[in-house]
Amino acid sequence: MHAPPCLSIAIAGAGLVGRLLAWRLSLAGHRVTLCERDSFARSTSAAHTAAAMISPLSEVVVSERKIYDMGMASLKLWPQWLEALNLLQQPPVVYAAQGSILVAHPQDASELLQFYQDLSAQLGTDNTARWLDRREIAQLEPDLSAQFTQGLYLPDEGHLDNRQLLTNLLAAAQKLGARCLEQAAIEFQPKPYCSKLDLSKFDWLVDCRGFGAKPSQENLRGVRGEVLWVETSEVRLNRPIRLMHPRYKLYIVPKPQHRFIIGATEIESEDRSPMSLRSMLELGSALYTLNPAFAEARILELDANLRPAFWDNLPQIDATINSRGQGILSINGLYRHGFLLAPCMIEEALTHFTSCPTPDDNN
Ligand SMILES: Cc1cc2nc3c(=O)[nH]c(=O)nc-3n(C[C@H](O)[C@H](O)[C@H](O)COP(=O)(O)OP(=O)(O)OC[C@H]3O[C@@H](n4cnc5c(N)ncnc54)[C@H](O)[C@@H]3O)c2cc1C
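### Regarding the pairing of strand β11 (residues 221–231)
In terms of burial, β11 is a largely internal element, 10 of the 11 residues being buried. Here 11 bridges tie β11 to strand β15 (residues 298–309), and the two strands are oriented antiparallel to one another. Residue R221 lies in a different strand from β15, and its bridge partner there is A309. Where β11 meets strand β14 (residues 259–263), 5 bridges bridge the pair, whose relative direction is antiparallel. Of the residues in β14, the one forming a bridge with V227 is G263.

Now the structure itself:
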């Protein structure tokens, strides 16, 4: 039996997809070069901004069943992948799969019921959400305001420390021999070009530029998301909490070192300018209603970024061969589901690298 070939592969974009792929391809023994337009330390990727919830149940209410199925598969892969990554690189990436909780203020209780009904309509008997009363909420999250008399517990959900993940993936890929270049933008149109690299030498070029691929992917759009980072040791939360409100849905996710990230629903805009005052006030007041002790939390960061999405909000992997006979693979459109879908998408992408590009890749 022949050993699988060692291919030379250049990856454009060191966000979530690019770094995960660089690590997995290096593990598989390929010669990887990872090229980032900006700097590694000051990432401008959506992955750096993200809350990094892995939430198949919450997402299926606003997306297709396929997203749930892929998300459930990723939920199984993440702990295995992180175990392997943590062997290579410390400190470990904090990952928790203790579910998430949805709450609403008493006047908005119908939002919870609507969510539960939507979930049942989508999932039928696969709907594992269960109702919580005030006592059960307090048992799971003692620091959640006592005013929440009812909630929903979604058991099959998790979250991870995205920033440590990005750091560790890069270091692990480098340890395995990947060459990692910053300030090294790759463009694909009119033909592949990088000022720091001769791209003609690679068997495969992989486009993981997220929203940065817009110049060559006209169907791609950016969907704005805004987040606020705070720090306080006065409040402890064990899992992501979603606050259901008729106008906006807010989430708060605990991060290591007494930090929390809070964000709201998305905005259909490609504006990457800083957060508005209104958004900051809404996010801050929502935190305060979850627990008044958040009033003394320190604001660490306000951030806004664009989620890369296609018109149908579904992710895509496309393989072609260019006139030089090189394989071109594009992985994009992970939208608000990057962490939810990435392991599944990467597994699918890896199936293309078992051989040199062939006409079959021209799909
Ligand atoms: C506010 C917010 C909250 C989110 N929360 C969640 C969540 O809770 N759960 C979840 O699953 N998903 C979430 N997401 C979505 C998730 O972050 C994205 O789906 C994911 O990051 C997409 O991964 P990507 O690698 O395709 O793009 P990115 O992570 O954006 O990475 C793209 C990289 O390519 C680089 N690049 C661009 N152009 C070039 C070029 N020409 N050459 C070289 N490099 C280039 C960029 O600088 C960047 O580093 C959130 C996103 C946002 C904005």
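### As for the side chain of S45
Here S45 lies in the loop between β2 (31–35) and α2 (46–49). Given the relative accessible area of 15%, S45 is considered buried. At a separation of 2.8 Å, a polar atom in the side chain of S45 contacts the side chain of S43. Those residues in contact with S45 that sit more than four places away from it in its chain are G15, L166 and N305.

### Looking at the site of the ligand
Around the ligand lies a shell of 37 residues, among which E36, A46, M53, Y335 and F339 are the nearest. E36 places a polar side-chain atom, nitrogen or oxygen, 2.5 Å from an oxygen atom of the ligand. With respect to the ligand, the backbone of A46 contributes an N or O atom lying 2.9 Å from an oxygen atom. The protein chains hide 97% of the 1000 Å² of surface that the ligand would expose on its own. Sorting the residues of the shell around the ligand by element identifies α1 (16–27), α2, β11, β15 and α9 (338–350) as the ones contributing at least two each. Built from parts of two domains, the shell around the ligand gets at least three residues from each of domain 1 (8–91 + 161–218 + 311–361) and domain 2 (100–155 + 222–309).

### Considerations on the domain arrangement of the protein chain
Interface extent is often summarised as the accessible area lost during association of the parts. Here the protein chain is partitioned into domain 1 (8–91 + 161–218 + 311–361) and domain 2 (100–155 + 222–309). One C-alpha centre belongs to domain 1, the other to domain 2; they are set 28 Å apart. On the domain 2 side, the residues contacting the 31 residues of domain 1 number 31 residues. Contact between domain 1 and domain 2 buries roughly 2600 Å² in total, counting both sides, with carbon and sulfur atoms accounting for 58%. Across the pair E270 and K214 runs a salt bridge whose closest N-O atoms are separated by 3.2 Å. Across the contact surface, domain 1 and domain 2 share 17 residue pairs in polar contact (both at pLDDT 80 or more). No other element matches the 4 residues that helix α3 (residues 56–60) contributes to the side of domain 1 that touches domain 2. Of the residues belonging to the side of domain 1 that touches domain 2, the class tally is 13 nonpolar, 11 polar and 7 charged.

### A closer look at the packing of aromatic side chains
This structure, assessed with the given rule, holds 4 aromatic pairs. Between W204 and F353, the ring centres sit 5.1 Å apart and the planes meet at 70°, which makes this aromatic pair edge-to-face. Here W204 is found in strand β10 (residues 204–207), whereas its partner F353 is found in the segment after α9, with 149 residues between them in sequence. When sorted by exposure, W204 lands in the same class as F353, which is buried. One residue, R24, lies across the ring of W23, its end atom 4.8 Å from the ring centre. Lying over the aromatic face of Y335, R221 brings its terminal NZ or CZ to 6.0 Å of the ring centre.

### Let's talk about the sheet that holds strand β3 (residues 53–54)
Spatially, 3 strands are ordered β3-β8-β4 in an open sheet, and the strand pairing comes out antiparallel. Each having just a single partner strand, β3 and β4 (95–96) make up the two edges of the open sheet. Inspection of the sheet shows β3 paired to strand β8 (residues 158–160) by 2 bridges, in the antiparallel sense. The residue of β8 that forms the bridge with I54 is G158.

### What about helix α8 (residues 277–290)?
The terminal C-alpha atoms of α8 lie 20 Å apart, and with 14 residues this matches the ideal 20 Å at 1.5 Å per residue to within 8%. Buried within α8 are the following residues: S279, L283, A286, L287 and L290. Taken around the axis of α8, the buried residues stretch over an arc of 100°, which confines them to a single face. Exposed and oriented more than 90 degrees from the buried face of α8 are L277 and R278. Against the buried residues of α8 lie β5 (100–104), β11, β12 (241–244), β13 (249–255) and β14.

Rules used throughout
Residues numbered from 1 in each chain as written. Predicted model: local features only at pLDDT ≥ 70, side-chain atom pairs only at ≥ 80, totals over all residues. Heavy atoms only, no water. Buried < 20%, exposed > 50% of the residue type's maximum accessible area, 1.4 Å probe, protein only. Helix = DSSP H or I, 4+ residues; strand = E, 2+ residues; numbered from the N terminus. Pairing = 2+ DSSP bridges. Polar contact = N/O pair within 3.5 Å; in protein donor to acceptor, adjacent residues only side chain to side chain. Contact = heavy atoms within 4.5 Å. Near = heavy atom within 4 Å. Areas by Shrake-Rupley, 256 points an atom, 1.4 Å probe, with all protein chains shown as cover. Domains from an automatic or database assignment. Buried area = accessible area lost by both parts, 1.4 Å probe. Salt bridge = Lys/Arg side-chain N within 4 Å of Asp/Glu carboxyl O. Nonpolar A, V, L, I, M, F, W, Y, C, P; charged D, E, K, R; others polar. Phe/Tyr/Trp six-rings, centres within 6.5 Å; stacked < 30°, edge-to-face > 60°. Lys NZ or Arg CZ within 6 Å of the ring centre and 35° of its normal. Expected span 1.5 Å × (residues − 1). Arc of directions from axis to C-beta.

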